[in-house]
Amino acid sequence: MSKYSVLMSVYIKEKPENLRLSVESMVNQTIPPEDFVLYCDGILTNELYEEIDSLRKKYSILNVIYNETPMGLGNALNNGLKYCKNDIVARMDSDDIAVPERMELQLEAFIKKSADIVSGNLLEFTDTTDNIINEKNLPETDGLIREYSKRRNPFNHPCTCFRKHQVYMAGGYLDCPGFEDYYLWLRMLSNGCTGYNIQKPVLYMRSGREMYLRRGGLKYTADALRFRKLMYSGKFCTLSDFLICCCGHIIIGLIPNKLRMIFYSGLLRKKNIKGDEK
């Protein structure tokens, strides 16, 4: 199993240099992709169009889909997924950087762990990958992942790979602002899909003040509470899970951004303790 597709969405606020570094980190994997779908979500800047044209000329596997009407991440990924040639699809964000052996490790996990969803740990950085500020680790095995998913997203979306047919069987990405991926994983796991997280960093994720700003404010808090209600009504969590998470979202969503950054760095980015499944 060495054939896979890359799925990436890009929108107007992306920086051309970040896009280039992100694309090249996937094209230059130790096991390179067979095709690479880049979905343009809405009208982009002239600088981005120029960068994309340059990348298309350099990499023949790059399939660029242009859509002038912004659709949001979930809908953009649903549309882009249609163009992926392979059942194994690797998600990638347009401003992150994959480690060279990311796909080699993930493709191996699909086979050895009989997995349907494979993600891994990531390193958060600012400016360059030499400036690491956090490490986000996740539980490794399927049983631990399922338990973890009751309160937190069990996979790092920017470095997740999945089986395309299983995504379709779960209904694809649905309209759930800010939580499209989390909701998809819950439905896939509920359908009997097996998850696995590689216990080493496979991605550098661009972080900083702007990222944490997006995780606060009244709108984000309201979206989070709606999602938690959806989780509880769908029986993806218990009542205590629901109440604890709602309280957490209200507190974290409404505190100043500087405190939010401290909270994420000090508590939510702690390494998870490995252990056997119960």
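Structure: above.
Residues numbered from 1 in each chain as written. Predicted model: local features only at pLDDT ≥ 70, side-chain atom pairs only at ≥ 80, totals over all residues. Heavy atoms only, no water.

Peer 1: Hey, could you run me through the pattern of salt bridges in this one?
Peer 2: Note on pairing: side chains with opposite charge can pair once their charged atoms come close. Counted under the stated rule, the structure contains 11 salt bridges. K3 is the salt-bridge partner of E34, the closest N and O atoms lying 3.8 Å from each other. One end of the pair, E34, is in the loop between α1 (16–27) and β2 (35–41); the other, K3, is in the segment before β1 (5–10), with 31 residues separating them in the sequence. We classify E34 as partly exposed; its relative accessible area is 35%. For K3, a relative accessible area of 54% puts it in the exposed group. D93 serves as the salt-bridge partner of R91, at 2.5 Å between the closest nitrogen and oxygen. R91 sits in the buried class, given a relative accessible area of 0%. Beyond isolated ion pairs, a larger network of salt bridges with shared partners links R20, E24 and K58. (Salt bridge = Lys/Arg side-chain N within 4 Å of Asp/Glu carboxyl O. Helix = DSSP H or I, 4+ residues; strand = E, 2+ residues; numbered from the N terminus. Buried < 20%, exposed > 50% of the residue type's maximum accessible area, 1.4 Å probe, protein only.)

Peer 1: Teacher, can you tell me more about the pairing of strand β9 (residues 195–206) here?
Peer 2: On a regular strand, each side chain points to the face opposite its neighbour's, so the side chains alternate between the two faces of the sheet. Summarising the sheet, strand β5 (residues 97–98) and β9 pair through 2 bridges and their orientation is antiparallel. Counterpart to A98 in the pairing with β9 is L203. Inspection of the sheet shows strand β6 (residues 117–125) paired to β9 by 9 bridges, in the parallel sense. Following the sheet pairing, I117 is matched in β9 by G195. (Pairing = 2+ DSSP bridges.)

Peer 1: Is there a simple way to think about the packing of helix α9 (residues 218–233) against helix α10 (residues 239–254) in this case?
Peer 2: When two helices pack together, their arrangement is captured by the angle between the axes and the distance separating the axes. Look at α9 against α10: their axes get within 9 Å of each other, and the N-to-C directions meet at 175°. Classified by the angle their axes make, α9 and α10 are roughly antiparallel. Between α9, through L218, T221, A224, L225, R228, K229 and Y232, and α10, the contact on the second element is made entirely by L239, F242, C245, C246, H249, I250, G253 and L254. When grouped by side-chain class, the residues that make up the contact of α9 with α10 number 10 nonpolar, 3 polar and 2 charged. (Axes fitted to C-alpha atoms, helices over the stretch in contact; angles between N-to-C directions. Parallel < 35°, antiparallel > 145°, perpendicular 65-115°, else oblique. Contact = heavy atoms within 4.5 Å. Nonpolar A, V, L, I, M, F, W, Y, C, P; charged D, E, K, R; others polar.)

Peer 1: What is the right way to look at the environment of L48 in this model?
Peer 2: Structurally, L48 is set in helix α2 (residues 46–58). A C-alpha to C-alpha distance of 9.6 Å links L48 and R20, two positions 28 residues apart in sequence. When sequence neighbours within four positions are dropped, the list of residues in contact with L48 reads Y11, I12, E14, K15, P16 and L19.

Peer 1: I would appreciate a short explanation of a nonpolar patch on the surface in the present structure.
Peer 2: Judged by side-chain polarity, L218, I250 and L254 come together as a nonpolar surface patch covering roughly 310 Å² of accessible area. With respect to the element layout, I250 can be found in helix α10. (Patch = residues over 30% accessible without salt bridge, like charges linked within 9 Å, V, L, I, M, F, W, Y side chains within 5 Å. Areas by Shrake-Rupley, 256 points an atom, 1.4 Å probe, with all protein chains shown as cover.)

Peer 1: What is the right way to read the packing of aromatic side chains from this model?
Peer 2: Any two aromatic rings considered together are summarised by their centre-to-centre distance and by the angle between their planes. Counted according to the given criterion, the structure contains 10 aromatic pairs. On the basis of an interplanar angle of 35° and a centroid distance of 5.7 Å, the ring pair of F179 and Y220 is categorised as tilted. In this pair, F179 sits in the loop between α6 (164–169) and α7 (180–190) while Y220 sits in helix α9, placing the two residues 41 residues apart along the sequence. Residue F179 is classed as buried on the basis of its relative accessible area of 6%. Positioned above the aromatic ring of Y183, the side-chain terminus of R187 is 4.4 Å from the ring centre. (Phe/Tyr/Trp six-rings, centres within 6.5 Å; stacked < 30°, edge-to-face > 60°. Lys NZ or Arg CZ within 6 Å of the ring centre and 35° of its normal.)

Peer 1: What exactly am I supposed to notice about unusual backbone geometry here?
Peer 2: The backbone phi angle of D127 is positive, close to 65°, even though this residue is not glycine. By secondary structure assignment, the location of D127 is in the loop between β6 and β7 (132–136).

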